[in-house]
Structures are given as C-alpha cells and as structure tokens.
Amino acid sequence: MQTMGQQALFGMISHIIFIIITWQVVQAVNIDPLLRKGRVFEARVFMIFLTIAIGTTVSNFFLDFLNWSQQLIFLF
C-alpha cells in the first residue's frame, strides 16, 4: 500500500512540475494575432486549458516510460 501512495504522490508532483514547465513555454509563444480584441479573459482560460492538456500529456508519457522501464526486469 505504501508503494501505491508513493506512486500517487510522484504522479501528482510530476503533473504539477510539467504543467509549470509548459506554462513557462506557452508564455513565450505569441498568440496575440490569433485572438480577437477584447477577449482577454477567454484567451487566458484557453492558455490555462492548453497548458494543462500539454503538461499532463507530457507527464503521462514520462510516468508511463518510467513504469515501463521498471517492468523490463520481467522480460528476462
């Protein structure tokens, strides 16, 4: 049970770290030409959703890859 708790904590921390990294990267991209004027709130919500989607996807890939590498010992 303790291992499952550790994996859950590691997964949560991984998601948060990758979301923060993605937020920094998304801030560097200029999306102003793609947005309508006067739609600042909608643009910010879109940026937050985009950041969460990309960050969790990258985190899931990282966690899956880590899990698969730990399971390679069962191959031999």
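Refer to the structure above for everything that follows.
Residues numbered from 1 in each chain as written. Predicted model: local features only at pLDDT ≥ 70, side-chain atom pairs only at ≥ 80, totals over all residues. Heavy atoms only, no water.

Visitor: Where do I start with the pattern of salt bridges in this structure?
Guide: Taken as a whole and assessed by the stated rule, the structure comprises one salt bridge. A salt bridge links R39 to E42, with the shortest nitrogen-to-oxygen separation between them at 3.2 Å. R39 gets classed as partly exposed once you look at its relative accessible area, which sits at 41%. (Salt bridge = Lys/Arg side-chain N within 4 Å of Asp/Glu carboxyl O. Buried < 20%, exposed > 50% of the residue type's maximum accessible area, 1.4 Å probe, protein only.)

Visitor: Even after reading the chapter, I still don't get the packing of aromatic side chains, so can you show me in this structure?
Guide: Overall, the coordinates contain three aromatic pairs when judged by the stated rule. Residues F10 and F62 carry aromatic rings whose centres are separated by 6.4 Å and whose planes lie at 40° to one another, so their mutual orientation is tilted. A residue pair is termed long-range when its members are at least 10 positions apart, and F10 in helix α1 (residues 2-28) and F62 in helix α2 (residues 40-71) qualify at 52 residues. The class of F10 is partly exposed, set by a relative accessible area of 40%. (Phe/Tyr/Trp six-rings, centres within 6.5 Å; stacked < 30°, edge-to-face > 60°. Helix = DSSP H or I, 4+ residues; strand = E, 2+ residues; numbered from the N terminus.)

That is the geometry; function is a separate question.
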